[in-house]
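A look at the structure
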Amino acid sequence: MPLLRLISCLPLSHTGRVTDPIRVMLVDDHPVVRKGIAAMLEDEPGFAVVAQARSAEEALALFVKHAPDVTVMDLHLPGASGVDAIRSIKLRAPESRFVVLTTYDGICSRGVLRRMT
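Values in this document were obtained by computation on a predicted structure and should not be read as measured data.

1. Focus: the overall build of the chain
When you go through the chain residue by residue, the secondary structure sums to 4 helices and 4 strands. Element order for the chain, N to C, with α for helix and β for strand: β-α-β-α-β-α-β-α. By residue count, 38% of the 117 residues in the chain fall in the buried class. The long-range fraction of contacts in the chain, counting pairs at least 24 apart against all pairs at least 6 apart in sequence, stands at 61%. As displayed, the chain offers around 7200 Å² of accessible surface, 56% of which is attributable to carbon and sulfur atoms.

2. Notes on the side chain of Asp-28
With respect to the helices and strands, the residue Asp-28 is situated in the loop between strand E1 (22-27) and helix H1 (31-42). Buried within the structure, Asp-28 lacks any salt-bridge partner; its nearest side chain of opposite charge belongs to Arg-34, at an N-O separation of 5.6 Å. With residues near it in sequence (within four places) discarded, Asp-28 still touches Val-33, Arg-34, Ala-53, Arg-54, Asp-74 and Leu-77.

3. A few points about the pattern of salt bridges
Taken as a whole and assessed by the stated rule, the structure comprises 2 salt bridges. Arg-54 is the salt-bridge partner of Glu-58, the closest N and O atoms lying 3.7 Å from each other. A relative accessible area of 51% means that Arg-54 is categorised as exposed.

4. Some thoughts on the pairing of strand E3 (residues 70-73)
On a regular strand, each side chain points to the face opposite its neighbour's, so the side chains alternate between the two faces of the sheet. Of the two faces of E3, the one carrying Val-70 and Val-72 and the one carrying Thr-71 and Met-73 are both buried. Where E1 lies against E3, 4 bridges are found, and the strand directions are parallel. If you follow Val-27 over to E3, its bridge partner there is Met-73. Traced from E3 through helix H3 (residues 82-92) to strand E4 (residues 98-100), the parallel crossover comes out right-handed.

5. Description of the sheet that holds E4
What the 4 strands build is an open sheet, ordered E2-E1-E3-E4; its pairing is parallel. Two strands lie at the open edges of the sheet, namely strand E2 (47-53) and E4, each paired on one side alone. Each strand of the sheet is rotated relative to its neighbour by a mean of 20 degrees, with strand direction disregarded. Across the sheet, H1 touches E1 and E2, and the angle it forms with E2 is around 170 degrees.

Criteria and cut-off values
- Residues numbered from 1 in each chain as written.
- Predicted model: local features only at pLDDT ≥ 70, side-chain atom pairs only at ≥ 80, totals over all residues.
- Heavy atoms only, no water.
- Helix = DSSP H or I, 4+ residues; strand = E, 2+ residues; numbered from the N terminus.
- Buried < 20%, exposed > 50% of the residue type's maximum accessible area, 1.4 Å probe, protein only.
- Contact = heavy atoms within 4.5 Å.
- Areas by Shrake-Rupley, 256 points an atom, 1.4 Å probe, with all protein chains shown as cover.
- Lys, Arg positive; Asp, Glu negative; His and termini not counted.
- Salt bridge = Lys/Arg side-chain N within 4 Å of Asp/Glu carboxyl O.
- Pairing = 2+ DSSP bridges.
- Right-handed = clockwise from strand over helix to strand, strands pointing away.
- Axes fitted to C-alpha atoms, helices over the stretch in contact; angles between N-to-C directions.

So this is what it looks like as structure tokens:
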């Protein structure tokens, strides 16, 4: 089973074929995590990793440059957090979409995700 099941979001042509891949940006401070997710997505039809960032600041700059369809965001980053990055990006692009992928402990119990919007 694929890591991310976003195929249903793909724009389809009248023949039912995928017309454009989902453009993904990966944000994690661990290179092995970014490279691993990128490698998994490369094996999935319909995905294109367009940018990789290791910090919130870099994520914001790359989001502006590449305008990904979805951003896979770690919350625990050096400097500003992934939550801060999501807020900053959402201010500039309210339609932006995120998948939060993190080992941050207590994320649900502390209501972190609810406070991001």
